[in-house]
Amino acid sequence: MAEQTSASITIDAPPADVMAVIADFESYPEWAKGMKEVEVRAEGADGRADRVHFALDVSPIKDEYTLAYDWDGDREVTWTLVEGNMLRALDGAYTLVDRGDGSTEVTYRLALDVSIPLIGMLKRKGEKILIDTALKGLKKRVESL
């Protein structure tokens with residue numbers, strides 16, 4: 001896997017509530033900046049998505065792509081790129097840790113690679129923007145429900 005970027009945030013909700021929002025892909029366009037369309041293409045035996053198609057437009061990345069998901073209860077979800085136009089790799093994870101006080105520490109790891117040449121610094125900046133936007137959007141969404 002390519003070099004990863006990661007960040008964490010604390011959300012005032014239990015892990016099950018946080019993971020429920022992460023697993024509710026159809027609502028992503030309502031709170032995840034840059035998500036134009038999201039469609040679950042396949043579900044696993046647990047009822048959670050196995051394959052999801054996204055249309056993303058967040059500078060510097062504009063693409064349509066499909067991710068494959070692997071769920072570990074309400075502890076972690078990982079994903080890998082199945083297909084994309086501009087993206088060559090998009091591997092990541094949300095790891096949730098119950099802080100024992102009704103809140104959850106959420107760590108988001110992301111590694112991306114694009115088919116157009118990008119200086120490493122620009123690629124890391126893109127990852128950081130995606131991660132920061134996702135974590136802040138997730139926190140706001142979970143805490144507003």
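Described in the following lines is the structure provided in the data block. No experiment lies behind these values; they were computed from the predicted model shown. The written sequence of each chain sets the order in which its residues are numbered from 1. Only residues with pLDDT of at least 70 are given local features in this predicted model, and only at 80 or more are side-chain atom pairs given and counted; all residues enter the totals for whole chains, interfaces and linings. Side-chain metrics in this entry use all non-hydrogen atoms of the structure; hydrogen atoms and water are not considered.

**Looking at a negative patch on the surface**
Reasoning step 1: Each patch is assembled from residues with relative accessible area greater than 30% and no salt bridge, linking like charges that lie within 9 Å and nonpolar side chains (Val, Leu, Ile, Met, Phe, Trp, Tyr) that lie within 5 Å. We get accessible surface area from the Shrake-Rupley algorithm with a probe of 1.4 Å; when it comes to residues, only the shown protein chains can shield them. Here, a salt bridge means any side-chain nitrogen of Lys or Arg that lies within 4 Å of a carboxyl oxygen of Asp or Glu. Counting rule applied: Lys, Arg positive; Asp, Glu negative; His and chain ends not counted. To locate a charge, the coordinates of NZ of Lys, CZ of Arg, CG of Asp or CD of Glu are taken. Together, Asp24, Glu26, Glu43, Asp46, Asp50 and Asp70 make up a region of like negative charge exposed at the surface.
Reasoning step 2: For Asp70, the position within the fold is in strand S4 (residues 61-72).
Reasoning step 3: Buried, partly exposed and exposed residues are distinguished by accessible area as a fraction of the type maximum, computed with a 1.4 Å probe on protein chains only: under 20%, between the cut-offs, and over 50%, respectively. Residue Asp70 is classed as exposed on the basis of its relative accessible area of 53%. Numbered from the N terminus, helices here are DSSP runs of H or I no shorter than four residues, and strands are runs of E no shorter than two.

**Brief notes about the pattern of salt bridges**
Reasoning step 1: All chains considered together, the criterion is met by 10 salt bridges.
Reasoning step 2: Arg88 serves as the salt-bridge partner of Asp113, at 3.0 Å between the closest nitrogen and oxygen. A residue pair is termed long-range when its members are at least 10 positions apart, and Asp113 in strand S7 (residues 104-114) and Arg88 in strand S6 (residues 87-98) qualify at 25 residues.
Reasoning step 3: Of the residues examined, Arg88 reaches a relative accessible area of 54% and is grouped as exposed.
Reasoning step 4: Across the pair Lys139 and Glu143 runs a salt bridge, and its minimum N-O distance is 2.8 Å. Taken together, the positions of Lys139 and Glu143, both in helix H3 (residues 120-144) and four residues apart, correspond to about one turn of that helix.
Reasoning step 5: The class of Glu143 is partly exposed, set by a relative accessible area of 34%.

**A closer look at the nonpolar core**
Burial of nonpolar side chains together is a common tendency in soluble globular proteins.
Reasoning step 1: Of all hydrophobic cores here, the largest spans 43 residues; its most connected members are Ile22, Phe54, Tyr94 and Leu138.
Reasoning step 2: Element by element, the count of residues in this core is highest for H3, at six residues.
Reasoning step 3: Apart from the residues lying within four places of it in its own chain, the contact partners of Phe54 are Phe25, Tyr28, Met35, Glu37, Val38, Asp63, Glu64, Tyr65, Leu67 and Tyr69. For the purposes of this section, nonpolar cores are sets of buried Ala, Val, Leu, Ile, Met, Phe, Trp, Tyr and Cys residues that join through side-chain atoms within 4.5 Å. Two residues form a contact once any of their heavy atoms are found within 4.5 Å.

**A look at the sheet that holds strand S3 (residues 49-58)**
Reasoning step 1: When DSSP finds two or more bridges between two strands, those strands count as paired. Strand order across the open sheet formed by seven strands is S1-S7-S6-S5-S4-S3-S2, with antiparallel pairing between neighbours. Every interior strand has two partners, whereas the edge strands, strand S1 (5-11) and strand S2 (35-43), have only one. Sheet twist, expressed as the mean angle between neighbouring strand axes with direction ignored, is 20 degrees.
Reasoning step 2: Two strands pair when backbone bridges link them, and S6 and S7 are joined in this way by 11 bridges, in the antiparallel orientation. Of the residues in S7, the one forming a bridge with Thr95 is Thr107.
Reasoning step 3: Fitted lines through C-alpha atoms serve as axes, helices being fitted only where they are in contact, and the angles separating the N-to-C directions of these axes extend from 0 to 180 degrees. Packed onto the sheet, helix H1 (residues 15-23) meets S1, S4, strand S5 (76-84), S6 and S7 and runs at close to 160 degrees relative to S6.

**Quick look at empty space enclosed by the protein**
Reasoning step 1: Here the term cavity refers to a set of points on a 1 Å grid, laid over the protein atoms alone, in which a 1.4 Å probe fits but cannot get out; the term pocket refers to an open set having protein on both sides within 12 Å along at least five of seven lines, with lining residues being those that place an atom within 4 Å of a point. Grid points are joined across faces, edges and corners, and a volume is the space filled by probe spheres set on the points. As enumerated under the stated definition, the model contains one cavity of 30 Å³ or more in all.
Reasoning step 2: Each pocket or cavity is described by its volume, and for the largest cavity that value is around 330 Å³.
Reasoning step 3: Taken together, 24 residues line the largest cavity, and the ones lying closest to its centre are Tyr28, Met35, Tyr65, Tyr108 and Ala134.
Reasoning step 4: If one sorts the elements of the lining of the largest cavity by residue count, S4 sits on top with four residues.
Reasoning step 5: Its residues assigned to classes, the lining of the largest cavity comprises 22 nonpolar, one polar and one charged. For this scheme, ten residues count as nonpolar: Ala, Val, Leu, Ile, Met, Phe, Trp, Tyr, Cys and Pro. Four count as charged, namely Asp, Glu, Lys and Arg, and the remainder, Gly too, count as polar.

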